[in-house]
Every structure is written in structure tokens, then in C-alpha cells.
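Chain residues, written in single-letter form:
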Amino acid sequence: RLGFRFIMDEGLFHIRVIEQFAAAWPVLPIQDYPSATTPLPYVLWTVLGQVVGYEVWKLRLLTAVVSIAAVQLFYGLCRRQGLRYPLLASGLLLFFPYVFFYGLTLYTTSFGLLFGVAALHFYLDERDDWPRLLAGGLLAALAIFSRQYYLVLPVGMLLYEAVRFVQGGIRWPSGRTLARWGLLALPVLLVAPLFWLWGG
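Calculation notes
- Residues numbered from 1 in each chain as written.
- Predicted model: local features only at pLDDT ≥ 70, side-chain atom pairs only at ≥ 80, totals over all residues.
- Heavy atoms only, no water.
- Phe/Tyr/Trp six-rings, centres within 6.5 Å; stacked < 30°, edge-to-face > 60°.
- Buried < 20%, exposed > 50% of the residue type's maximum accessible area, 1.4 Å probe, protein only.
- Helix = DSSP H or I, 4+ residues; strand = E, 2+ residues; numbered from the N terminus.
- Expected span 1.5 Å × (residues − 1).
- Contact = heavy atoms within 4.5 Å.
- Polar contact = N/O pair within 3.5 Å; in protein donor to acceptor, adjacent residues only side chain to side chain.
- Axes fitted to C-alpha atoms, helices over the stretch in contact; angles between N-to-C directions.
- Parallel < 35°, antiparallel > 145°, perpendicular 65-115°, else oblique.
- Left-handed = near helix turned anticlockwise from the far one by under 90°.
- Core = buried A, V, L, I, M, F, W, Y, C linked by side-chain atoms within 4.5 Å.
- Nonpolar A, V, L, I, M, F, W, Y, C, P; charged D, E, K, R; others polar.

Student: Hey, could you run me through the packing of aromatic side chains in this one?
Tutor: Aromatic ring pairs: the centre-centre distance and the angle between the two ring planes describe each pair. For the structure shown, the criterion picks out 14 aromatic pairs. Note on Phe95 and Phe100: the rings are 5.5 Å apart at their centroids and 35° apart in plane angle, and the pair reads as tilted. A relative accessible area of 39% places Phe100 in the partly exposed class. Connected via pairs of aromatic rings, a cluster forms that spans Phe21, Tyr33, Tyr42, Trp45, Phe111, Phe195 and Trp198.

This is the structure we're talking about:
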């Protein structure tokens, strides 16, 4: 039953971008399209449409699958972080109107949530080694390419690292510390060309 009428921005913006990407396929016009969000969800919808067709219910089904995966990852993150009621926390996330409504429609929110929670899985891992920081950085970049406000993830991690470093006393950072900061800054560096392409 995902073939219901378009709601608000779905018909005004999101389906137009998907149609524009589909018409230009395989060259995607990411430098100019009628949406105020970053392009990864539109690319994924377009790829899906090329494979199975552009019926609205099929495109919305991808959003629903992404939303369920995001909530499942969030549940695992809550358990690993030792929250007392991970199932309740995940249920509250799932049925939060901003997540539930957008999880059944052509909105880009769920894609950012999926990649953002996946990035936190690696960023908050106790083992905290370079492969995990790299994986967290790449997933955070995908989150930013889905919704630009996920810039808060790498910037927040860098601010946390800076505070921790300053609390340790004034000293020149080691090569290991600089490499760590570089991995944490990776998502910002990866998304910078997009903002340059947009002119801001």
C-alpha cells in the first residue's frame, strides 16, 4: 500500500529530482537539481528505478527498508553502549513521527539516519583503531551525502578529540594523533567538492 498520493515535498521536489536524474542517466546532474539536500538518496532511487522501474511504491519500499535497517542498527548500538532499555529506545525512534512518516515516503531523512547510525557504530567502538575510524569516516561521508546536517558527526568527533588533546597539556601532536585527526576529518574532505560544485 505504498502507492498513496504524494505528500508535501515528495511531489514538489523529491520525485522531480528522481525524474531529472532518470532522464539524464547515467550522467547525474548533481551540480543543479531542485532540492535543498545532498544527492545520495536520489542516486540510490534512480539506480533502483533503472533496475526495477520507477513506480512510486517501489521507490518508497527502498525508503522503508532503509528505515528498518537504521532502527535495527540503532538497537544494536543501544545494546552495545549498555542502555537499560534498548528495545524501548529503538521503538521510540521508530515511532517518532519524523522517522516513521519519512520512513514510508520519498524523503531523504532515513538514508542519512542509516549511514549516521552506522558511522556511530565504528566511531564509538571500544577498540578504536584506524580501520574502524576509516569505516566510521566513510559511513559519515555517506550520511552527509544523504543529509548535509550529518556534518555534525565528524565535526563533533574532531571537537571531542581537540578537547581531549588540550586537557592533556600543551604539546606538539604526534604523527599518530595527526593521522587520527585526518581520518576524523575525512568526511568533511570528501563532501567539500560537492559544496565547491554548488558554489557554497
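Student: Even after reading the chapter, I still don't get helix α7 (residues 130-146), so can you show me in this structure?
Tutor: For an α-helix, 3.6 residues make a turn, and residues three or four places apart therefore share a direction. Helix length check: α7, at 17 residues, gives a terminal C-alpha distance of 24 Å against a target of 24 Å (1.5 Å per residue), a fit within 8%. Every buried residue belonging to α7 is among Arg132, Leu133, Ala135, Gly136, Gly137, Leu139, Ala140, Ala141, Ala143, Ile144 and Ser146, and all of these are buried. Its buried side turned inward, α7 meets α2 (40-52), α6 (109-123), α8 (152-167) and α9 (175-198).

Student: Please explain unusual backbone geometry as it appears in this structure.
Tutor: With the exception of glycine, most residues fall at negative phi, and the peptide bonds are largely trans. The omega angle of the peptide bond from Trp25 to Pro26 is 5°, so this bond is cis rather than trans. Looking at the secondary structure, you find Pro26 in the loop between α1 (9-24) and α2. Located in the positive-phi region is Met8, a residue other than glycine, with phi close to 50°. Along the chain, the position of Met8 falls in the segment before α1.

Student: What should I look at first to understand the side chain of Thr38 in this one?
Tutor: Relative to the helices and strands, Thr38 resides in the loop between α1 and α2. Assessed through its relative accessible area of 0%, Thr38 is described here as buried. Of note is the side chain of Thr38, whose polar atom sits 2.7 Å from the backbone oxygen of Ile144. Among the polar contacts made by the side chain of Thr38, one reaches the main-chain amide nitrogen of Ser146 at a distance of 3.4 Å.

Student: Where do I start with the environment of Tyr33 in this structure?
Tutor: Looking at where Tyr33 falls in the secondary structure, it is placed in the loop between α1 and α2. Along the backbone, Tyr33 and Phe21 are twelve residues apart, and their C-alpha atoms lie at a distance of 8.6 Å. With sequence-adjacent residues up to four places away left out, Tyr33 is seen in contact with Val17, Gln20, Phe21, Thr38, Pro39, Tyr42 and Trp198. From its side chain, Tyr33 meets the backbone oxygen of Thr37 in a polar contact 2.6 Å long.

Student: What is the right way to look at the packing of α2 against helix α3 (residues 56-80) in this model?
Tutor: How two helices pack is summed up by the angle between their axes together with the distance between the axes. In contact at an axis separation of 10 Å, α2 and α3 are set at 130° when each is read in the N-to-C sense. Here α2 is positioned oblique relative to α3, judged by the angle of their axes. You can see that α2 and α3 cross each other, and the crossing is right-handed. For the pair formed by α2 and α3, the contact residues are Leu44, Trp45, Leu48, Gly49 and Val52 on the first element and Lys58, Leu59, Leu62 and Thr63 on the second.

Student: What is the right way to look at the nonpolar core in this model?
Tutor: Taken as a class, soluble globular proteins show a tendency for nonpolar side chains to be buried jointly. One finds Ile18, Tyr42, Trp45, Leu113 and Tyr123 to be the most contacted residues of the largest nonpolar core, which totals 36 residues. Those elements that place two or more of their residues in this core are α1, α2, α3, α6, α7, α8 and α9. When residues in this core are grouped by element, the largest group, eight residues, is from α6. Residues in contact with Tyr42, not counting those within four places in the same chain, are His14, Val17, Ile18, Phe21, Tyr33, Ser35, Thr37 and Thr108.

Student: Help me understand the packing of α7 against α9 in this model?
Tutor: Taken N-terminus to C-terminus, the directions of α7 and α9 make an angle of 20°; their axes are 9 Å apart at the nearest point. Here α9 runs roughly parallel to α7, going by the angle between their axes. Of the two possible hands of crossing, α7 and α9 adopt the one that is right-handed. Here Trp130, Leu133, Leu134, Gly137, Leu138, Ala140, Ala141, Ile144 and Phe145 of α7 come into contact with α9, specifically with Arg176, Ala179, Arg180, Leu183, Leu184, Leu186, Pro187, Leu190, Val191 and Leu194. For the contact of α7 with α9, the class distribution of residues is 16 nonpolar, one polar and two charged.

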